[in-house]
Each structure stands twice: as C-alpha cells, then as structure tokens.
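# Structure at a glance
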Amino acid sequence: QVQLVESGGGFVQAGGSLRLSCAASGSIFSIAAMAWYRQLPGKQRELVASITGGSSSFYADSVKGRFTISRDNAKNTVYLQMNSLQPADTAVYYCNAALKRSVLSPIGQYWGQGTQVTVSS
C-alpha cells in the first residue's frame, strides 16, 4: 500500500503564508513526480504546482510568484510554500504522486486525503 499524508493547512489572513507538506510512504520503488492540486467549492480539482525528481517545476498562472514547490527525494516528501495568500486561494489542497511500486509496475497516481486552506479577507 501507498499512503500520502498531508499537513500544514489552516486558517490565515490575506497576505499571510502557509507551508504544506506531504509525505509518501509504503511500497514505493520510485516517484516520477509530485504535485499539489486544489479544489474550490463547487469546482473541479485543478493543478496548482508540480515537480519532477529532477526538480523541474510547473506552476499555475494564478500562483506564479507566490507559491513555491519543493521536494526532498530522500524523504519522499513534497512541500508547497504559499505566500501572499488571497481569499481566492481558499480550497482543499490535495497532494498527488505519480509513482511505481516496483520495477515492473506501471506508474500509478496516488492522492492524499486533502487539507483545508482558508484565507480570510
């Protein structure tokens, strides 16, 4: 089994910062990429940022310059530093990992349980 455990969500005022963490554990051979998604009330889940094992990163336009994704490969952990938070960033944030459970297995997508981020104006 594979588990992704998120932490770091919470309540913050506009302009504040939060740091999310997500640790992957269990039967993992290799992790190709890790990412953060978010789901706003009544909307589809959207990609916020992603990072590969080689530290190539991608950011949604809405968070560029404010959010930073990083990864500790030795700990199978991904982080999302969120600065200058705005009420529009209020959402449930989900961690995602694209990984192989063995050398012969295909890459599968795994999700965390989600962590709430609430930004007040």
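Residues numbered from 1 in each chain as written. Predicted model: local features only at pLDDT ≥ 70, side-chain atom pairs only at ≥ 80, totals over all residues. Heavy atoms only, no water.

Regarding its fold elements, the chain presents zero helices and eleven strands. For the chain, the N- to C-terminal ordering of α and β elements is β-β-β-β-β-β-β-β-β-β-β. Taken against the 2.2 N^0.38 rule, which gives 14 Å for 121 residues, the C-alpha radius of gyration of the chain at 14 Å falls within 12% of a compact globule. Counting only C-alpha atoms, the chain reaches 50 × 25 × 20 Å along its principal axes. Partitioning the intrachain contacts of the chain with sequence separation of at least 6 by distance along the chain shows that 56% fall at a separation of at least 24. In the form shown here, the chain has an accessible surface area of approximately 6300 Å², with 51% of it arising from carbon and sulfur atoms. Taking the average location of the 10 positive side-chain charges in the chain and that of its 5 negative ones, the two points are 5 Å from each other. (Helix = DSSP H or I, 4+ residues; strand = E, 2+ residues; numbered from the N terminus. Rg over C-alpha atoms; globule rule 2.2 N^0.38 Å. Contact = heavy atoms within 4.5 Å. Areas by Shrake-Rupley, 256 points an atom, 1.4 Å probe, with all protein chains shown as cover. Lys, Arg positive; Asp, Glu negative; His and termini not counted. Charge placed at Lys NZ, Arg CZ, Asp CG, Glu CD.)

Now for the nonpolar core. Counting residues in each nonpolar core, the largest one holds 30 residues, and the members touching the most others are Trp 36, Leu 80, Met 82 and Tyr 93. Elements with a minimum of two residues in this core: strand S1 (2-7), strand S3 (18-26), strand S4 (30-39), strand S5 (46-52), strand S7 (67-72), strand S8 (77-82), strand S9 (91-100) and strand S11 (115-120). Looking at which element gives the most residues to this core, the answer is S9, with five residues. (Core = buried A, V, L, I, M, F, W, Y, C linked by side-chain atoms within 4.5 Å. Buried < 20%, exposed > 50% of the residue type's maximum accessible area, 1.4 Å probe, protein only.)

All right, on to unusual backbone geometry then. With the exception of glycine, most residues fall at negative phi, and the peptide bonds are largely trans. Look at Asn 76: it is not a glycine, yet its phi comes out positive at around 50°. Mapped onto the fold, Asn 76 is located in the loop between S7 and S8. The phi dihedral of Ser 84 falls on the positive side, at around 50°, and the residue is not glycine. In this fold, Ser 84 is placed in the loop between S8 and S9.

A few words now on the pattern of salt bridges. Under the definition given, this model contains four salt bridges. The partner of Glu 46 in a salt bridge is Arg 38, and the shortest N-O contact between them spans 2.7 Å. With relative accessibility at 4%, the residue Arg 38 sits in the buried group. Between Asp 61 and Lys 64 there is a salt bridge, with its nearest N and O atoms 3.2 Å apart. Residue Asp 61 shares its accessibility class with Lys 64, and that shared class is exposed. A cluster of three or more residues bridged by salt bridges with shared partners is formed by Arg 38, Glu 46, Arg 66 and Asp 89. (Salt bridge = Lys/Arg side-chain N within 4 Å of Asp/Glu carboxyl O.)

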